[in-house]
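# Summary of the model geometry
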Amino acid sequence: MKASYYSAILALATLSTLVPLAVVPVNAQCVMNDINFQSSIGGSRQPANQSNNVSQGSTGGCVGNTVNTTNVQSQTGGTERTTQRRQSTQQINGSNNSPTGINMDPVKIRTNVQIQVDNPADRLRR
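## With respect to the overall build of the protein chain
Looking only at helices and strands, the protein chain has one helix and five strands in total. If you list the helices and strands of the protein chain from N to C, you get α-β-β-β-β-β. By the burial criterion, 23% of the 126 residues in the protein chain qualify as buried. Sequence-distant contacts in the protein chain: of pairs separated by 6 or more residues, those separated by 24 or more amount to 87%. Accessible area for the protein chain stands at about 9,100 Å²; split by element, carbon and sulfur atoms hold 55% of it.

## Quick word on the environment of N36
With respect to the helices and strands, N36 occurs in strand 1 (residues 31-42). On the accessibility criterion, N36 (0% relative accessible area) is buried. As for N36 and V72, which are separated by 36 residues in sequence, their C-alpha atoms are 6.2 Å apart.

## Brief notes about the sheet that holds strand 5 (residues 107-118)
One open sheet holds the three strands; their spatial order is 3-1-5, and the pairing between them is parallel. At either margin of the open sheet sits one strand with a lone partner, and together these are strand 3 (66-76) and strand 5. In this sheet, neighbouring strand axes are inclined to one another by 5° on average, regardless of whether the strands run parallel or antiparallel. Both strand 1 and strand 5 contribute to a ladder of 12 bridges, which runs parallel. By the bridge assignment for strand 5, M32 is matched with K108.

## Things to note about the confidence of the model for the protein chain
Looking at the protein chain as a whole, its pLDDT mean stands at 83, while 74% of the residues score no less than 70. Within the protein chain, strand 1 carries the highest mean pLDDT (96), whereas helix 1 (residues 2-18) carries the lowest (58).

## Re the side chain of S88
The residue S88 is located in strand 4 (residues 83-93) in this model. Taking the relative accessible area as the measure of exposure, S88 reaches 9% and is therefore buried. Filtering out sequence-adjacent residues up to four positions away, S88 remains in contact with D34, N53, V54, S55 and T69.

## Considerations on the environment of S51
As for its placement among the helices and strands, S51 is situated in strand 2 (residues 49-59). With a relative accessible area of 26%, S51 lands in the partly exposed category. Separated by 35 residues in sequence, S51 and R86 have C-alpha atoms that sit 6.2 Å apart. Those residues in contact with S51 that sit more than four places away from it in its chain are Q38, Q84, R85, R86 and Q114.

## Some remarks on the state of the cysteines
Summed over the entire model, instances satisfying the criterion amount to one disulfide. Across a sulfur-sulfur distance of 1.9 Å, C30 and C62 are joined as a disulfide pair. Judged by the sign of its S-S torsion, about -70°, the bond between C30 and C62 is left-handed. In this pair, C30 sits in the loop between helix 1 and strand 1 while C62 sits in the loop between strand 2 and strand 3, placing the two residues 32 residues apart along the sequence. Take C30 and C62: they sit in the same class, and that class is buried.

Rules behind the numbers
Residues numbered from 1 in each chain as written. Predicted model: local features only at pLDDT ≥ 70, side-chain atom pairs only at ≥ 80, totals over all residues. Heavy atoms only, no water. Helix = DSSP H or I, 4+ residues; strand = E, 2+ residues; numbered from the N terminus. Buried < 20%, exposed > 50% of the residue type's maximum accessible area, 1.4 Å probe, protein only. Contact = heavy atoms within 4.5 Å. Areas by Shrake-Rupley, 256 points an atom, 1.4 Å probe, with all protein chains shown as cover. Pairing = 2+ DSSP bridges. Axes fitted to C-alpha atoms, helices over the stretch in contact; angles between N-to-C directions. pLDDT = per-residue confidence, 0-100. Disulfide = S-S within 2.5 Å.

Written as structure tokens, this is what we have:
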């Protein structure tokens, strides 16, 4: 039993030295990430005017790059209507020369959080 076990191990070890292993480098696809957070906490009787306009563009295939943008707009207190506006443009220019031969557009992620909280205490006269 031991002889056949050792023979099998020796055969696998010999085979592994005779079969060349193909090593392919790993290349991650590009990612475009945009995070927006807008909050309004106040006593206005009108809802906040919140907008987020994001443009994410790319040319050619893209490998190994990342674009990240973040935004935080926060308003607290008062009785006037709040206006929060944001405009963001992201651009990645790639090529069609991917080392893997696979040319793909970037992964585009958009996270948009807009919060409005009414605080009646802001409407009390002092």
